[in-house]
Amino acid sequence: MTGREDETAGQSADVERTFAAFPPARGRGFAVSWWGQAWLTALEESALDLQQLKAGRRLARGGAVGAVSVRPGRITAMVRGRDRTAHRADVLVPPLAEAQWERFLDMAVERAGHVAALLDREMPPHLVEDASVTGIDLLPGLGELEPGCACGAWDHCEHTAALCYQVARLLDEDPFVLFLMRGRGEQALLADLQVRGDTESAAGTQNFAASRARPGVDATEAYATGDILPPLPALPELPTEPGVPPSLDTEAAPGVAGVDPAALEVLAAGTAVEAHRMLAEALRTTPGTVSELTVAQDAARLAAGASDAGVIERLAEGSGRGREGLETAVRAWRLGGEAALSVLDEEWQVEGEALARARAALESAWDEDERPPLRRDGNRWTLEEAPAQLRLGRDGRWWPYREEAGRWVPAGAPARDPATALAAAQPDGHRTDGTLVPEGP
């Protein structure tokens, strides 16, 4: 239970939780965590009226959202609009079915790190990815945030938008809020994981004992009955994570001169990860295009999983990035894979419709008196009064960057809202006022 939770929730806290209203928070983003930003992305991609989103942000920043009630499938709050009239705002989120929860629990107990991270109020990215592989989307997708407001609006109005922006702040503090919306409270979820973990441990011991006692089968007899055996079973499902290659005995001399055991281990582990990714892509109902990484991009991918200093030095030299450049590329890879590396390496001219959309997003992200002074150079908008920068990806997402030791480095995950991305580049919540500086050529 977080410090902001209303103590009147009592014993029903695992079914419905009520959070006290947040104070006004002008001049800062609503989400710092990647899961909070994913929540805002679902809102901003599903709303039809950007002006209502802008008005909702203004209301949320001004403290117009009252106590927020969260229960399975629904979030509710009283929101005071621009005319000072209070309306009850609801946002519906589809809860997971019981069969989906069963699959999620089976998957989670296989990864002890997932449970440990949740206990620390963290949402490990691999938990969402592993759940997605089994057909479970924890974070809401396009169109899954269904608004309902007493003001009578049929789409997201300023009241429901303000509620969603406020919920992003709640998710930053406690990811269990997301699980409650999807149908499981914190206590119930952890209890289910505990029971499932104990059962898995006992079953593993019994299976091992049974395998030791089971008699063998004569190979000649098995071969002779091959034509009457039942058909082979269906292919197994995709593993929840890549396999771990066996560790090499580095104390023994390699059989072939010039073979570096540490480098070979890195390549084997990287190959396992890439094979798992390609298999997951191939098993999708509508497979996408698997692009081929460049040498410099692949070096960053390999370095992200390497710990041997000699291997990292070879990757830095072979990629042409150098040690500092490779460290920056690894940071980008961990934040967004190939897309993040493209934004790091590529500077392109934003023109035509893409430029019009970018300008509209920047204009609507802040109130006029809060808009920060930015100067554009290609697809990069640099803050005039602080070492922070926004980079626009070709997919329309904004990537936060900040200057460290004279170099621009990625500062967080991408966001559809430039204000959210810029807040990630300024972790101290520094407020900037002014107007957009005229763009360069």
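The structure displayed is predicted, hence computed values, not measured ones.

Section: the overall build of the protein
Counting secondary structure elements, the protein contains 15 helices and 10 strands. Relative to its 441 residues, the protein shows a buried fraction of 43%. If you take every contact in the protein between residues at least 6 apart in sequence, the share linking residues at least 24 apart comes to 65%. Summing over all exposed atoms, the protein offers an accessible surface of approximately 22900 Å²; the carbon and sulfur share of this is 54%.

Section: the sheet that holds strand S10 (residues 407–410)
Reading across the sheet, the five strands line up as S6-S7-S8-S9-S10 and stay open at both edges, with antiparallel pairing between neighbours. Looking at strand neighbours, the two that pair on one side only are strand S6 (374–377) and S10, the edges of this open sheet. For this sheet the average axis-to-axis angle between neighbouring strands, irrespective of direction, equals 30°. Both strand S9 (residues 398–404) and S10 contribute to a ladder of four bridges, which runs antiparallel. Each bridged residue has a counterpart across the sheet, and for Arg402 the counterpart in S10 is Val409. Helix-sheet contacts for helix H13 (residues 322–345) involve strand S7 (380–383), strand S8 (388–392), S9 and S10, and the interaxial angle to S10 is about 45°.

Comments concerning the layout of surface pockets
Over the atoms rolls a probe the size of a water molecule, and its path tells where empty space is left. Roughly 510 Å³ of internal volume is contained in the second largest pocket. Together, 23 residues line the second largest pocket, and Arg357, Ala361, Gly396, Trp398 and Arg416 are the ones closest to its centre. For the lining of the second largest pocket, the secondary structure elements donating two or more residues are helix H1 (34–46), helix H2 (50–61) and helix H14 (352–365). Residue contributions to the lining of the second largest pocket peak at seven residues, all from H14. For the lining of the second largest pocket, a count of residues per class yields 12 nonpolar, three polar and eight charged.

Describing the packing of aromatic side chains
Inspection of every chain in the model, using the stated rule, returns four aromatic pairs. For the pair Phe176 and Phe179, a centre-to-centre distance of 6.0 Å together with 50° between the ring planes defines the contact as tilted. In this pair, Phe176 and Phe179 both sit in helix H7 (residues 176–181), three residues apart, roughly one turn of the helix. Across this residue pair, the class does not change: Phe176 and Phe179 are buried. With 5.1 Å between their ring centres and 65° between their planes, Trp381 and Trp398 make a pair best called edge-to-face. Of this pair, Trp381 sits in strand S7 while Trp398 sits in strand S9, and the two are 17 residues apart along the sequence. A single burial state applies to Trp381 and to Trp398, both of which are buried.

Considerations on the pairing of S9
Across five bridges, S8 lies against S9 in antiparallel orientation. Bridge assignment links Arg391 to a residue of S9, and that residue is Trp399. Hairpin remark: S8 followed by S9, antiparallel, with five residues in the connecting loop; positive phi at Gly396, about 90°. From the end of S9 to the start of S10, which pair antiparallel, there are two residues, and Ala405 there has a positive phi angle of about 55°.

Overview of the sheet that holds strand S3 (residues 74–80)
A sheet is described by the order of its strands in space; here five strands give the open sequence S1-S2-S3-S4-S5, paired in antiparallel fashion. In this open sheet, the two edge strands, each paired with only one partner strand, are strand S1 (17–19) and strand S5 (146–149). Taking the axes of each pair of neighbouring strands and ignoring which way they run, one obtains an average angle of 20° across the sheet. Strand direction decides the pairing type here: S1 and strand S2 (residues 68–71), joined by three bridges, are antiparallel. Residue pairing in the sheet places Phe19 in a bridge with Val68 of S2. Contacts from helix H6 (residues 158–173) reach S1, S2, S3, strand S4 (86–92) and S5 within the one sheet, and its direction differs from that of S4 by about 60°.

Quick word on the environment of Gln166
Turning to its location among the elements, Gln166 is positioned in helix H6. Residue classification places Gln166 among the buried residues on the basis of a relative accessible area of 1%. Measuring from C-alpha to C-alpha, the distance between Gln166 and Val65 comes to 7.4 Å, with 101 residues separating the pair along the chain. Sequence-distant contacts of Gln166, that is, excluding residues within four places in its chain, are made with Phe22, Phe30, Ala60 and Val65.

Overview of the confidence of the model for the protein
Summary statistics for the protein give a mean pLDDT of 78 and a share of 77% for residues scoring 70 or more. Considering each helix and strand of the protein separately, the mean pLDDT is smallest for helix H8 (residues 186–213), with a value of 60, and largest for S3, with 94. Across residues 201–214, confidence stays below pLDDT 50; counting only partners more than four residues off in sequence or on other chains, it has zero contacts. Counting contacts from residues 429–441, a segment whose pLDDT is below 50, to residues more than four positions away or on other chains yields 40 contacts.

Considerations on the environment of Ala64
Relative to the helices and strands, Ala64 resides in the loop between H2 and S2. Residue classification places Ala64 among the buried residues on the basis of a relative accessible area of 15%. Sequence separation of Ala64 and His159 is 95 residues, and the distance between their C-alpha atoms is 9.0 Å. Discounting residues that sit within four places of it in the chain, Ala64 has contacts with Leu59, Met78, Val79 and Arg80.

Focus on H2
With 12 residues, H2 extends 17 Å between its outermost C-alpha atoms, agreeing within 8% with the 16 Å of an ideal straight helix rising 1.5 Å per residue. Listed in full, the buried residues belonging to H2 are Leu53, Lys54, Ala55, Gly56, Arg57, Leu59, Ala60 and Arg61. In this structure, the buried residues of H2 make contact with H1, S3, H6, H14 and helix H15 (418–425). Of the residues trailing H2, Gly63 is marked for its positive phi of about 80°.

Calculation criteria
- Residues numbered from 1 in each chain as written.
- Predicted model: local features only at pLDDT ≥ 70, side-chain atom pairs only at ≥ 80, totals over all residues.
- Heavy atoms only, no water.
- Helix = DSSP H or I, 4+ residues; strand = E, 2+ residues; numbered from the N terminus.
- Buried < 20%, exposed > 50% of the residue type's maximum accessible area, 1.4 Å probe, protein only.
- Contact = heavy atoms within 4.5 Å.
- Areas by Shrake-Rupley, 256 points an atom, 1.4 Å probe, with all protein chains shown as cover.
- Pairing = 2+ DSSP bridges.
- Axes fitted to C-alpha atoms, helices over the stretch in contact; angles between N-to-C directions.
- 1 Å grid on protein atoms, 1.4 Å probe; cavity = no way out; pocket = protein on both sides within 12 Å on 5 of 7 lines; lining within 4 Å.
- Points joined across faces, edges and corners; volume = space filled by probe spheres on them.
- Nonpolar A, V, L, I, M, F, W, Y, C, P; charged D, E, K, R; others polar.
- Phe/Tyr/Trp six-rings, centres within 6.5 Å; stacked < 30°, edge-to-face > 60°.
- pLDDT = per-residue confidence, 0-100.
- Expected span 1.5 Å × (residues − 1).

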